[in-house]
Each structure stands twice: as C-alpha cells, then as structure tokens.
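If you want the building blocks of each chain, they are given just below.
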Amino acid sequence: MSKNNSMLHYTLIRLRRNYLAILGLFVLLALICCAVFAEQLAPYDYAKQDYMMIRKAPSATHLLGTDEFGRDVLSRLIFGAKISLQVGLLAVSISLVLGATIGAIAGYFGGKTDNILMRLMDIQMAIPTILLAIVISSALGPGLFNLMIAVGITSVPRFARLMRSSVLSIKGQEFIGAARAMGASHTRIILLYILPNCAAPLIVQSTLSVANAILYTATLSFLGLGIQPPYPEWGGMLSAARPYIRNSGYLSIFPGLAIMITIVALNCIGDGLRDALDPKQKR
Amino acid sequence: MHAVNHLNLTLHRGKALGFVGETGAGKTTTALAILQLIQTPPGKITGGSIMFEGHDIMKMTEAEKRQIRGDRISMIFQDPMTSLNPLKTVEDQIVEMIGLHSAMKGEEARKRALEMLALVGIRPERSKDYPHQFSGGMRQRVGIAIALACEPSLLIADEPTTALDVTIQAQVMELIKKLQSVVNTSFLLITHDLGIVAEICDDVAIMYAGRIVEYSNIRQLYSHPLHPYTRGLFDAVPRLDTRLGGKLSVIPGLPPDPIDLPKGCAFSPRCPKARPLCHERECGMREYEPGHFVNCHFPLELGEGGVQ
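Numbering of residues starts from 1 in each chain and follows the order in which that chain's sequence is written. Ligands are numbered from 1 and chains lettered from A, in the order in which they are written. Restriction of local features to residues with pLDDT of at least 70 applies here, the model being predicted, together with a cutoff of 80 or more for giving and counting side-chain atom pairs; totals for whole chains, interfaces and linings are based on all residues. The side-chain figures draw on all heavy atoms in the structure; neither hydrogens nor water molecules are used.

Peer 1: Residues and numbers for the overall build of chain A, please.
Peer 2: A tally of helices and strands in chain A yields twelve helices and zero strands. Put simply, DSSP marks the helices as runs of H or I at least four residues long and the strands as runs of E at least two long, and each gets a number from the N terminus on. Secondary structure of chain A in N-to-C order comes out as α-α-α-α-α-α-α-α-α-α-α-α. Along the first, second and third principal axes, the C-alpha atoms of chain A reach 75 × 55 × 30 Å. In chain A, buried positions account for 48% of the 283 residues. Two residues form a contact once any of their heavy atoms are found within 4.5 Å. Of the contacts formed within chain A by residues at least 6 apart in sequence, a portion of 71% connects residues at least 24 apart. For each residue, the accessible area found with a 1.4 Å probe, counting protein chains only, is set against the maximum for its type, and the residue is called buried under 20%, exposed over 50%, and partly exposed in between.

Peer 1: Now, about the nonpolar core: what can you tell me, with residues and values included?
Peer 2: Core analysis: the biggest nonpolar cluster contains 116 residues, and I94 and I144 of chain B have the highest contact counts within it. Residue contributions to this core peak at 14 residues, all from helix α10 (residues 186-222) of chain A. Source of the domain bounds: an automatic or database domain assignment. Composition of this core by domain shows at least three residues from each of domain 1 (16-201) and domain 2 (220-294) of chain B. For I94 of chain B, the contacting residues outside a window of four places in its chain are A113, M116, L117, A145, I146 and A149 of chain B. In plain words, nonpolar cores are sets of buried Ala, Val, Leu, Ile, Met, Phe, Trp, Tyr and Cys residues tied together by side-chain atoms within 4.5 Å.

Peer 1: Any details on unusual backbone geometry? Residues and values, ideally.
Peer 2: Although it is not a glycine, E151 of chain B adopts a positive phi angle of roughly 50°. Mapped onto the fold, E151 of chain B is located in the loop between α5 (136-148) and β5 (154-158).

Peer 1: Lay out the domain arrangement of chain B with the relevant residues and their values.
Peer 2: Residues and elements named next belong to chain B. When its domains are assigned, chain B resolves into domain 1 (16-201) and domain 2 (220-294). Its C-alpha centre places domain 1 at a distance of 30 Å from the equivalent point of domain 2. Contact with domain 1, which involves six residues of that partner, is made by seven residues of domain 2. Two parts placed together each lose some accessible area under a 1.4 Å probe, and adding up what both lose gives the buried area. Summed over both sides, the interface of domain 1 with domain 2 buries roughly 550 Å², with 62% coming from carbon and sulfur.

Peer 1: Run through empty space enclosed by the protein, naming residues and quoting values.
Peer 2: Using a grid of 1 Å spacing that covers the protein atoms alone, one calls a set of points a cavity when a 1.4 Å probe fits there but cannot get out, and a pocket when the set is open and has protein on both sides within 12 Å along at least five of seven lines; lining residues are those with an atom within 4 Å of a point. Grid points are joined across faces, edges and corners, and a volume is the space filled by probe spheres set on the points. Scanning the model with the defined rule gives five cavities of 30 Å³ or more in all. One number sums up the size of the largest cavity: a volume of about 220 Å³. Forming the walls of the largest cavity are 20 residues, and the residues nearest its centre are A178 and M182 of chain A together with M75, S83 and I146 of chain B. Three classes are used: nonpolar for Ala, Val, Leu, Ile, Met, Phe, Trp, Tyr, Cys and Pro, charged for Asp, Glu, Lys and Arg, and polar for all others, with Gly counted as polar. Considering only residue class, the lining of the largest cavity consists of 13 nonpolar, seven polar and no charged. The calculated volume of the second largest cavity comes to roughly 70 Å³. Lining the second largest cavity are H227, P228, C265, F267, S268, C271, K273, C278, C296 and F298 of chain B.

Peer 1: Break down the confidence of the model for chain B for me, citing the residues and quoting the values.
Peer 2: Residues and elements named next belong to chain B. In this model, chain B carries a mean pLDDT of 82, and residues with pLDDT of at least 70 account for 94%. Element-level pLDDT for chain B is lowest in helix α6 (residues 166-183), with a mean of 79, against a maximum mean of 89 in strand β7 (residues 203-208). Scored as a complex, the prediction yields pTM 0.72 and ipTM 0.75. As a per-residue measure, pLDDT tells how confident the predictor is, with possible values from 0 to 100.

In structure tokens:
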C-alpha cells in the first residue's frame, strides 16, 4: 500500500472539495488559453477597422458586436486577456518580491530596522492606493511596463505587513529554537524554516492581489493612463464605450463582464487556497 | 538583572543530573546558556565559562558553536506540539539533523533516521507523516529521536514531560533513560518533579532564584536534604501515607522577583530557620559532607531533614 502523503497532495484533495475554487480554476485556465493563443483564437485582428460595420450589435459574424471603429469586440476581449493577465502577474510579482523582502527583514531583525521599514510602509498606506497609482504612472508615462510598476508598488505595503506578521509569529515558535539547538545557521533558518511556513498566506494574498491588480489596470486604463490605443485593454474598452452606453450597451457590458468574471474567479481560487493550504486543518 | 548567578556545576560523562526548582528559578536559562542560545538582546551572558569536553563554549566562534549544537549537545524541548517543523515529515527532520552534522547522505541518512524512529518505537510506515498527524506523546518521541540522532555527549531535556499526560510521561521518561544508557550520553534533566529525578538521575541540583542551593548525589540528598528550601520541596510532595484530609505543607510566600533580590540569602524571607546572619549575607556553596554541597549558613542537622 503506497500512499502519497505530500503536502501538495492534501492541498489538492482539500481544494477539490471546494467547487467554487475549481470553477475559478477552470475560468482562469480558459483565460490563460485565450491569452496564449490569442492570435489563433481571435476571429479578427484586434486593430482592423471596418467602417461599414460601426457599432453593430452582436450577430453571427461578430459574436459580441463591433465597436465605434468597426473592430470586433470578441477579438479585442481575447487580446485584452493577454494584457490583463500579464499586468496582473507581473505587478503582483513586483509587489510580492519587494513586499516579502521588506517584511521578512523587518520581522526577522526587529528593533530599529523594523521600525524604519514599517513606518515607511505606513506612510505609503496613508496615500489612497488609486491616487498613488495615478501619480506613479503619470510620472513614469503611460505604457505596459510602467503600468505594471505603478500597480505593483501600490500593493507592496500589504505584502510587507503580511510577511512581517507571519515571520513574527513563526519566529517565536519553539521549533525555530529547536532548529537553532540543532545547529542550523540563521540563513538556513530563514530560508528553510521561516519562508516555507509563511508561504501559505503569501500564496493566498498573491492570488487575491492579481484580481486587484487587474482591477487597478482597468481603472488606470479607463482614466487613460494605462495601455494606449489601439491595443485593447478591458478598462480602456470600457472607457471608450462610455459615450455609447445608451445606444450600444453591449459595448460596455462585455468588457465589464470580462473584468468581473476574471476577478470573481481569482477571488474564488484565493479563498479556496486559503482553506486548502492550512496544514493544521484536518482532511 | 541577573537571572542566573554563581552557578557552578559538573556533569560527568554518562551521568544524569536533575535540575529542580520552581518556575522562574533559571533552569531553562541555564540550559540555553549551555547551548549559547540566549536571545541577545534582551539577554546576555556577562561572565563565566562553560567547559565542554575540554573547550570553553563561551569562547567559540558562531560556526564552532553551530557544530556543537545538535551534534555534541542536543536538546529536547518542553512542548512537543510546537517544537517540530510543521511542514516537514518526521523522517526528513531527522535526516536534516543527520545531514547537518555527519557525512551521511541520501539513503544512508534515511536508513539511520528509520533506525532512530524504530528506537523510539515509531513504526517505519509512519515515517513519512507530518507532525500534526501524531499525538503529543509520539511527537515527543520524535523530538527525542531527533535529539539523539547524532549520539550527542550531552542531552538536555527541558521539562520533557510537562506537556504530556501522566501515563505518557512515564513512557517518555522510561525511553529517555533506556536510550541514555544505550548511547552513553550525559543527561541534564530540567523538571519540577522530584519523583522523576529520583528514578532517573544520579545527581541532583536544587535551584532557587538563579542559584544552586543544594547539590549532591541522589542518595544523600533524598535521605537527608540540608537546605531548608529542599526540605520544603519534599514536604510539598503529596505522599500515599499522608492522613486523609491532612493538608500538604507549602513553602510560604513567593519566589523573589529577580530584579529585586533580597539582601543576603535569597531564600531568607521565606525560610523557617532564617537567623539575622541570613538576611545579612549569602553563605556560598560549602561541602557539608563529601559530595554534598549546600548554600546555607545553618543547614539542617542530619536527621532533622530526614525523608523516608
């Protein structure tokens, strides 16, 4: 009788019971496929304008209709997934790496280091997030990469705080003392004992933050600070559809739905992971 | 403030020393000092020396200390629920200990880990389980397996059975005693329990307010304790022949606040036999009879402190 006893195994078993999380995973998978195979999947070129087909309602040729330049909305949404996921993932990576490093240093060394770092984070938290993102992206100028930086930096404090509190709670536990008594070095303890034990909350926070990052990207693009036309971005599409909301409502509805479905899916996954990753929880 | 003061102890190879005292007497601090694991800040070792196999641990570099920890001196912790890494299988934790201190790698280390687990009575099919899948007693046995994996010359156990229930306590102590003779390690047992000390240890040191007040072999100390505090401890142990409804005697008062130790002997405010001299100055350790040391101006007469 062989039994697979790894942590991953149990996490998957627990995750499988959470139907919402599974649904979210499938939606995310579909989105990733859209992003990767955008060129093959999209029925039209995202930038191809057709002045005979301006603002046509959904039909057999254009499943989700066309916009004010006669571009196919479905194709634009599919290409938009690419941007949203890219920005979401990279922005979160930026905030994860920066935030976790700051939090780990503050938590492990404590004292003055902790005070200085965390007060800096407090200062940043005092500035409204969206305002800060606007300031950063207008200072850096519009563009995909700058957008990622802007969105990434805004959620650094949240990661730093999370990491610090996890490190503090792990650091005080007896098995860290036991590891010291075992002859393990500081580096070994931080990398092999503290970090893995902080991983669960970080993974959850990251998933939830991807949703946030996508939302901020959409917001900034809606305000004209994000991705520049003609490249499609869901928030930008929503913004462009605003004047036509009375006559061609579908132009706002579909990008809005895309944003909503993505974020709900990511939140479901995040919630599911939070429950599944808790090692103390029994099967 | 000085948590531990004027402490002078010798522990011989293969012998077991019991360390008894109230909560806060400085027992754990002493153990951590031996391993050089006092958190600095806030704690600091201000002086003294800790000789281990001919070398002063105080003078070692951090790297040398790391080599000694776990390999030559290892420790069993009080609470088995929190002293194991929750994210690693018990086998991996023993393998890590072995990997840190020996040339054994891979399969060899794994085999050794299984041997250790078998030694503490954990079946091999449980070796891939995580700590949360074990009961408290089993976890403590795992802790013992880890501590003994490198056959240390000194094993420190900090109240290893306090967090366990009584039946498991007996099992665990039995196991430690057995393994101690198998591995021929010296053993420092920190405990409140005079009964356990009597069963397992060769020598015993009674600690009070950061000092050793009495130090002797088991036989002498249990047959005639010299320090009034030791006597008080014995009187506070419930016994089978006590008349029903009779009250246990207790030592009046509380242990002193280490920030504000009383002048003279630290026990003098609570001591039933204290005389003016006791409040003036501390006595210091004196050898009252061969191998029986006491820190008291007026030790109990032979016979007076007798315990059956």
